[in-house]
Amino acid sequence: MDNSSFKGVKDHIKKSCMELKANLSSAGLAGTPIYLTNWNTLYGNTVNLSGTFFRSALIFKDMLDVVKEISGLGFWIDTHSLEKSNMDNEDIAMNGIALLYYYQIKRPAFFNMQLIAKIGQEILAEGEDFVLTKGKHGYQLALYNNSYVNPTYSVESFFLSSLTKEKKIMISGLPSGTYQIRKYILDRNNGAFYFNWLNLNQQYIYDQEIITYLKQRAYPDLQIYEENIASELLLQ
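Since this is a predicted model, take the numbers as computed values, not measurements.

Novice: Which parts of the structure should I look at to understand the packing of helix H3 (residues 56–66) against helix H5 (residues 108–116)?
Specialist: The description of two packed helices rests on the angle between their axes and on the distance between the axes. Look at H3 against H5: their axes get within 10 Å of each other, and the N-to-C directions meet at 40 degrees. Regarding the angle of H3 to H5, the classification is oblique. The chirality of how H3 crosses H5 is right-handed. Residue-level contacts link Ser56, Ile59, Phe60, Met63 and Leu64 of H3 to Pro108, Ala109, Asn112, Met113, Leu115 and Ile116 of H5.

Put into structure tokens, the structure is as follows:
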């Protein structure tokens, strides 16, 4: 299947929530709280594809869109709980999103939760692949590369490199002063335990040393620096 077959899932969760709200309103139930407890994005349907198809940006984008429409969003606590709910499913259990893998190893969705909690309440600007907000701790800019492609292509490094984007963002109108900038990077190399597990030649996760290693390695990258700003900030 080509990539055009997968672009139809874009905004599916958001559109479904908006449709449900419209139906409730038509039934005289406008304002009824809606909680989305079990949901998913595009995913790989085998163990290997589930690991190589890094979909953190898809999850992040859906979270940003959906929380504007409903009262709450749920996740499965861990892979074990998710699999128990799918005992009769022949394919990999992926009808939901789990925060933790086995042994409490954090999955990318866990870090999505942490990062989205940093987003301010006031939206200053928003586009297809970014949102700029302001909160009590300053300004927050989130950039995400949400590509809806065939998950089987995620094993092809050449194809993945073709999806890479470079961004330059100019933020103007900032109060002058010295700003501390904290840059979090959540991608295949920072925050995905699966690729660290591959580096161990896919060894069985059975002892504390391996578990501790994977827990310590699977974290987003954090870069901290200061900038003296007159009124504009260039980020790239």
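Here the narrative resumes, following the displayed structure.
Novice: It is not clear to me how the pattern of salt bridges should be interpreted in this structure. Could you clarify?
Specialist: Should the charged atoms of two oppositely charged side chains come close, the side chains can pair. By the definition in use, this model includes 5 salt bridges. Residues Lys21 and Glu69 are paired through a salt bridge, measuring 3.2 Å at the closest nitrogen-oxygen approach. Taken as a pair, Lys21 in helix H1 (residues 12–26) and Glu69 in the loop between H3 and strand E2 (72–73) lie far apart in primary sequence, 48 residues in all.

Novice: Can you help me understand the sheet that holds strand E6 (residues 130–135) in this one?
Specialist: Spatially, the 3 strands line up as an open sheet ordered E5-E6-E7, and their pairing is antiparallel. Each edge of the sheet is formed by a strand with only one pairing partner; in this case those strands are strand E5 (122–127) and strand E7 (138–143). The average undirected angle you get between the axes of adjacent strands in this sheet is 15 degrees. Pairing geometry for E5 and E6, over 5 bridges, is antiparallel. When the sheet's bridge partners are listed, Ala125 is paired in E6 with Leu132.

Novice: What should I look at first to understand H1 in this one?
Specialist: Along an α-helix, residues three or four positions apart point the same way, because every turn accommodates 3.6 residues. Across its 15 residues, H1 extends 21 Å between first and last C-alpha, which sits within 8% of the 21 Å expected from 1.5 Å per residue. Looking at the buried residues of H1, the elements they touch are strand E1 (35–36) and H3. Phi turns positive, to about 80 degrees, at Gly28, one or two residues after H1.

Novice: Could you clarify how one ought to interpret unusual backbone geometry in this entry?
Specialist: The phi torsion of most residues other than glycine is negative, and most of the peptide bonds are trans. The backbone of Tyr103 sits at a positive phi, close to 60 degrees, despite the residue not being glycine. You can see Tyr103 is positioned in the loop between strand E4 (98–100) and H5. Unlike most non-glycine residues, Gln104 shows phi in positive territory, near 60 degrees. With respect to the element layout, Gln104 can be found in the loop between E4 and H5.

Novice: Explain helix H8 (residues 208–217) here, please?
Specialist: Residues of H8 that are buried include every one of Ile210, Ile211 and Leu214, and no others. Along H8, the residues classed as buried sweep out an arc of 100 degrees about the axis, all on the same side. Turned more than 90 degrees away from the buried face of H8 sit Gln208, Glu209 and Gln216, all of them exposed. Residues of H8 that are buried in the fold lie against helix H7 (193–199). Capping of H8 at its N-terminal end is provided by Asp207; its side-chain oxygen lies 3.2 Å from the backbone amide nitrogen of Glu209.

Novice: Sorry, what's going on with the packing of aromatic side chains here?
Specialist: For any pair of aromatic rings, the description consists of the separation of the ring centres together with the inter-plane angle of the planes. Using the criterion set out here, one finds 8 aromatic pairs in the structure. Cluster of aromatic residues (ring-pair linked, three or more members): Tyr101, Tyr102 and Phe193. Over the ring of Phe110 we find Lys106; its NZ or CZ atom is 5.2 Å from the centre of that ring.

Rules used throughout
Residues numbered from 1 in each chain as written. Predicted model: local features only at pLDDT ≥ 70, side-chain atom pairs only at ≥ 80, totals over all residues. Heavy atoms only, no water. Axes fitted to C-alpha atoms, helices over the stretch in contact; angles between N-to-C directions. Helix = DSSP H or I, 4+ residues; strand = E, 2+ residues; numbered from the N terminus. Parallel < 35°, antiparallel > 145°, perpendicular 65-115°, else oblique. Left-handed = near helix turned anticlockwise from the far one by under 90°. Contact = heavy atoms within 4.5 Å. Salt bridge = Lys/Arg side-chain N within 4 Å of Asp/Glu carboxyl O. Pairing = 2+ DSSP bridges. Expected span 1.5 Å × (residues − 1). Buried < 20%, exposed > 50% of the residue type's maximum accessible area, 1.4 Å probe, protein only. Arc of directions from axis to C-beta. Polar contact = N/O pair within 3.5 Å; in protein donor to acceptor, adjacent residues only side chain to side chain. Phe/Tyr/Trp six-rings, centres within 6.5 Å; stacked < 30°, edge-to-face > 60°. Lys NZ or Arg CZ within 6 Å of the ring centre and 35° of its normal.

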